[in-house]
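# Coordinate analysis (summary)
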Amino acid sequence: EDKVVQSPLSLVVHEGDTVTLNCSYEVTNFRSLLWYKQEKKAPTFLFMLTSSGIEKKSGRLSSILDKKELFSILNITATQTGDSAVYLCAVEEPSGTYKYIFGTGTRLKVLA
Amino acid sequence: GAGVSQSPSNKVTEKGKDVELRCDPISGHTALYWYRQSLGQGLEFLIYFQGNSAPDKSGLPSDRFSAERTGGSVSTLTIQRTQQEDSAVYLCASTLRGRYNEQFFGPGTRLTVL
């Protein structure tokens, strides 16, 4: 059965720390992996990754995919209290179904 | 509107009652998804609409759940004879055709079944 596993489940850090969030997957015929930030209810799109080893970057956030080892990491440097959220990873199911399998998320809390 | 809207934002109902949840996608977005998020869990796919094609209902957990999309725009998710395990946040997302990865989510409806 296809699945997406995120770790850690939760994380508490102080402002200025750097964090690394992990997403591993077991999906047949992988197509793409997505990262979302969920602060209250509505997740907001961060990155889409399709190729191994190519870093996507947006400000203090960056992400990279390893298709050989079947995982992705999301890095946040110089964390701020506004980074506190649940970070969700999703992998597209194969065969052009346009359906996504979501992990349970990592809850990040950044303390001032 | 500028984004995806959902109504109601909160719904409390009694076990056994039917509920209807509404989603207004972004104008021009042809694809629409419904997800369910139970407390502390990830998003669980329910159903997907693309244009005039038959919807992909493979994620609906039981025949008490149904959804329709009228005129290729507004969608309604109906849960009949609600059960306590139906309590969750129901999220709707829409995307442009061909850009299914960039899903724009609504604020969700928090459903509580007593």
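A short tour of the structure in this document, coming up. Every value quoted in this text rests on a predicted model; they were computed, and no experiment measured them.

Here is what the cut-offs are and how they apply
- Residues numbered from 1 in each chain as written.
- Chains lettered and ligands numbered in written order.
- Predicted model: local features only at pLDDT ≥ 70, side-chain atom pairs only at ≥ 80, totals over all residues.
- Heavy atoms only, no water.
- Contact = heavy atoms within 4.5 Å.
- Buried area = accessible area lost by both parts, 1.4 Å probe.
- Salt bridge = Lys/Arg side-chain N within 4 Å of Asp/Glu carboxyl O.
- Polar contact = N/O pair within 3.5 Å; in protein donor to acceptor, adjacent residues only side chain to side chain.
- Helix = DSSP H or I, 4+ residues; strand = E, 2+ residues; numbered from the N terminus.
- Buried < 20%, exposed > 50% of the residue type's maximum accessible area, 1.4 Å probe, protein only.
- Pairing = 2+ DSSP bridges.
- Axes fitted to C-alpha atoms, helices over the stretch in contact; angles between N-to-C directions.

Contacts between chain A and chain B engage 16 residues on the former and 24 residues on the latter. Of the roughly 1600 Å² buried where chain A meets chain B, counting both sides, 58% is carbon and sulfur surface. Of all residues in chain A, Lys41(A), Tyr98(A) and Tyr100(A) bury the most surface against chain B, accounting for 36% of the area lost on that side. Our count for the contact surface shared by chain A and chain B stands at one salt bridge. One salt bridge in this structure joins Lys99(A) and Asp56(B), with 3.7 Å as the shortest N-O distance. The interface formed by chain A and chain B contains three residue pairs in polar contact (both at pLDDT 80 or more). Residue assignment for the side of chain A that touches chain B shows that the elements contributing at least two residues are β4 (33-38), β5 (43-49) and β10 (100-102) of chain A.

All names here are of chain B. Summarising the element assignment, Gln-80 is placed in the loop between β7 (75-79) and β8 (88-95). Given the relative accessible area of 31%, Gln-80 is considered partly exposed. Remark: the alpha-carbon pair of Gln-80 and Thr-112, spanning 32 residues in sequence, is separated by 14 Å. Apart from residues no more than four positions distant in its own chain, Gln-80 is found in contact with Lys-17, Asp-18, Asp-63 and Arg-64.

Take the side chain of Arg36(B) next. Residues and elements named next belong to chain B. Here Arg-36 is to be found in strand β4 (residues 31-37). Overall, Arg-36 belongs to the buried group, its relative accessible area being 10%. Not counting residues up to four positions away in its chain, the partners in contact with Arg-36 are Gly-42, Leu-43, Glu-44, Leu-46, Pro-61, Phe-65, Glu-85, Asp-86, Ala-88, Val-89 and Tyr-90.

What follows is about the pattern of salt bridges. On inspection of all chains with the given rule, the structure shows seven salt bridges over all chains. Between Arg36(B) and Glu44(B) there is a salt bridge, and its shortest N-O distance comes to 3.0 Å.

Once that is clear, we can look at the sheet that holds strand β6 (residues 56-58) of chain A. Residue and element names in this part refer to chain A. Strand order in the open sheet formed by five strands is β1-β3-β8-β7-β6, with antiparallel pairing between adjacent strands. The outermost strands of the open sheet, each flanked by one partner alone, are β1 (3-7) and β6. Strand-to-strand twist in this sheet, taken as the mean axis angle between neighbours without regard to direction, amounts to 15°. Here six bridges tie strand β3 (residues 19-26) to strand β8 (residues 71-76), and the two strands are oriented antiparallel to one another. The residue bridging Thr-20 from the neighbouring strand is Asn-75, located in β8.

Right, let's get into unusual backbone geometry. With omega at -10°, the peptide bond leading from Ser7(A) into Pro8(A) counts as cis. By the element assignment, Pro8(A) lies in the loop between β1 and β2 (10-14). Pro8(B) follows Ser7(B) through a cis peptide bond whose omega is -10°. Checked against the element boundaries, Pro8(B) lands in the loop between β1 (5-7) and β2 (10-13). Here Leu70(A), not a glycine, exhibits a phi torsion of approximately 60°, which is positive. By secondary structure assignment, the location of Leu70(A) is in the loop between β7 (61-66) and β8. If you check the backbone angles, Ala78(A) has positive phi at about 45° while not being a glycine. Looking at the element boundaries, Ala78(A) is found in the loop between β8 and β9 (85-92). Relative accessible area serves as the criterion here: at 37%, Ala78(A) is assigned to the partly exposed category.

Further remarks concern the sheet that holds β1(B). All names here are of chain B. Pairing is antiparallel in the open sheet, where four strands are placed in the order β1-β3-β7-β6. The open sheet is flanked by β1 and β6 (65-69), the only strands paired with a single partner. In this sheet, neighbouring strand axes are inclined to one another by 15° on average, regardless of whether the strands run parallel or antiparallel. Pairing geometry for strand β3 (residues 19-24) and β7, over five bridges, is antiparallel. Bridged to Leu-21 within β7 is Leu-77.

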